[in-house]
Amino acid sequence: MDGGAEGSQQPHLILAHKLFLLTHPDVQDIEKVQLKSDVLDSIKSDGMAPLYETLTASSVLELDQSLLDSMRATNEEELKKLDEKIADAEENLGESEVREAHLAKALYFVRISDKEKALEQLKLTEGKTVAVGQKMDLVFYTLQLAFFYMDFDLVSKSIDKAKKLFEEGGDWERKNRLKVYEGLYCMSTRNFKKAATLFLDSISTFTTYEIFPYETFIFYTVLTSIITLDRVSLKQKVVDAPEILTVLGKIPFLSEFLNSLYECQYKAFFSAFAGMAEQIKFDRYLNPHFRFYMREVRTVVYSQFLESYKSVTVDAMANAFGVSVDFIDQELSRFIAAGKLHCKIDKVAGVLETNRPDAKNALYQATIKQGDFLLNRIQKLSRVIDL
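Residues numbered from 1 in each chain as written. Predicted model: local features only at pLDDT ≥ 70, side-chain atom pairs only at ≥ 80, totals over all residues. Heavy atoms only, no water.

The protein is annotated in an unreviewed UniProt entry as 26S proteasome regulatory subunit RPN7 from Brassica oleracea var. oleracea. Quoted verbatim from the Function (unreviewed entry) heading of the UniProt record, the comment on the protein is "Acts as a regulatory subunit of the 26S proteasome which is involved in the ATP-dependent degradation of ubiquitinated proteins." (UniProt positions renumbered as here; feature names shortened; annotations may be inferred.)

As structure tokens, this is what we get:
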């Protein structure tokens, strides 16, 4: 798993996405036949015996013993050559050549998807590495491996390690790359607010093609921003951002999804929303948060609609969204009960009445509460002093 040439995604991460789709219940069987063939081709071309064993054990692929034996033989032969190179470098060459030979072995374990041995060998290589930049590159290899296996504990530890390394030095290019890795980690662990901030910071400096293409990066940036930014920030940082505008049209439904929300075209928003739902469902990192994300987007759009009114009929709202009255009634009841929307439904009159929390009023109540608490503390303290 080398750094991935500019503009090209890591073959391992492309394979990881195909494996995800292969086990997805909503992918058509006819597509799975092609996916299975692609996965097997990748495994054969890189001699991934350890991954093949795992996939056959979990019945994702059928076991072909002769194929497994031949891949194992290739792995052993290749590792023997790499060990000879290490021995030769240790005897006849300098420290940097020894490090390079160890790194080559680590990357071979990564290539054949032997996670434990790859991590062990990367650690060994790190012990022979002095330069901060090279140590950072080892962390990036570890992060790519961790995202392949969706091992978020390892991702988190590696990001912390990278941040410590930056305290010793390190260049801006690697610092910017780390932001994208951390953003992907935050998004994958449902911290959408922090993910949006990190992604927006990296828009003009994006070079992390090894984990995903630029279009995918913009897709994630827009999705995380929509549910975490207020309207003013969304306009300034996303709707009008030239870097986003250049790619927005290349991603199906994304332009309509973003612009119809901002321009309050709710019917258009709902039809784009249905198209976006498909993409989110089939995204490896977003799929576990599919229902949560769908709920958050609807909260944003319903709140935005209701903000313009003190009261509005359920009919008018259903009409604005192009859905039935029953659907809106059910939706709003659920969101109001969960405390996500500040309004109440007058079922008899068929009217929605908003009761937006007033920020000043909330601040006033909080100040009174803190004042009471402070007075109580002072009284207790004065009793102690009197004694």
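> Before we move on, could you go through the pairing of strand S2 (residues 343-346) and cite the residues and values that matter?
In terms of strand pairing, S2 meets strand S3 (residues 351-354) through 4 bridges, oriented antiparallel. For Cys343, the partnering residue across the bridge sits in S3 and is Thr354. (Pairing = 2+ DSSP bridges. Helix = DSSP H or I, 4+ residues; strand = E, 2+ residues; numbered from the N terminus.)

> Let's hear about the sheet that holds S2: which residues, and what values?
Sheet architecture is open: 3 strands sit in the order S1-S3-S2, paired in antiparallel fashion. What marks the edges here is a single partner per strand, and that holds for strand S1 (311-313) and S2. When strand polarity is set aside, the average angle formed by the axes of neighbouring strands in this sheet is 20 degrees. Judged from the 3 bridges that link them, S1 and S3 form a sheet pairing that is antiparallel. Pairing of Val312 across the sheet is with Leu352, part of S3. Packed on one face of the sheet, helix H17 (residues 314-321) meets S1 and S3 and runs near 70 degrees to S1. (Axes fitted to C-alpha atoms, helices over the stretch in contact; angles between N-to-C directions. Contact = heavy atoms within 4.5 Å.)

> Any chance you could break down unusual backbone geometry for me, citing the residues and the numbers?
Although it is not a glycine, Met150 adopts a positive phi angle of roughly 50 degrees. If you trace the backbone, Met150 turns up in the loop between helix H7 (132-149) and helix H8 (152-168). Here Phe253, not a glycine, exhibits a phi torsion of approximately 70 degrees, which is positive. Within the secondary structure, Phe253 sits in the loop between helix H13 (242-248) and helix H14 (254-262).

> Describe the domain arrangement of the protein, and please don't skip the residues or the numbers.
Its domain assignment divides the protein into domain 1 (1-127), domain 2 (170-307), domain 3 (309-355) and domain 4 (358-386). Each of domain 1 and domain 3 has a C-alpha centre, and the two are 54 Å apart. (Domains from an automatic or database assignment.)

> Explain the pattern of salt bridges residue by residue, including any values.
Proximity of charged atoms lets side chains of opposite charge pair with each other. Following the criterion strictly, the structure yields 20 salt bridges and no others. The shortest N-O distance in the salt bridge between Lys281 and Asp26 comes to 3.5 Å. Of the two residues, Lys281 is situated in helix H15 (residues 266-281) and Asp26 in the loop between helix H1 (11-22) and helix H2 (29-46); the sequence distance between them amounts to 255 residues. A relative accessible area of 19% means that Lys281 is categorised as buried. A relative accessible area of 40% means that Asp26 is categorised as partly exposed. Where Glu331 meets Arg334, a salt bridge forms, and the shortest distance between an N and an O atom there is 3.4 Å. You can see Glu331 and its partner Arg334 sitting in helix H18 (residues 325-337), 3 residues apart, about one turn around the helix. Of the residues examined, Glu331 reaches a relative accessible area of 4% and is grouped as buried. When salt bridges that share partners are traced, they join Asp26, Glu278 and Lys281 into one network. (Salt bridge = Lys/Arg side-chain N within 4 Å of Asp/Glu carboxyl O. Buried < 20%, exposed > 50% of the residue type's maximum accessible area, 1.4 Å probe, protein only.)

> Pulling in residues and values, what's your account of the nonpolar core?
Residues Phe257 and Tyr302 are the most contacted members of the largest nonpolar core, which totals 102 residues. If sequence neighbours within four positions are ignored, Tyr302 has contacts with Phe270, Met317, Phe321, Phe327, Ile328, Glu331, Leu332, Phe335 and Leu341. Leu79, Leu82, Ala118 and Leu145 belong to the second-largest nonpolar core, a separate cluster that totals 8 residues. (Core = buried A, V, L, I, M, F, W, Y, C linked by side-chain atoms within 4.5 Å.)

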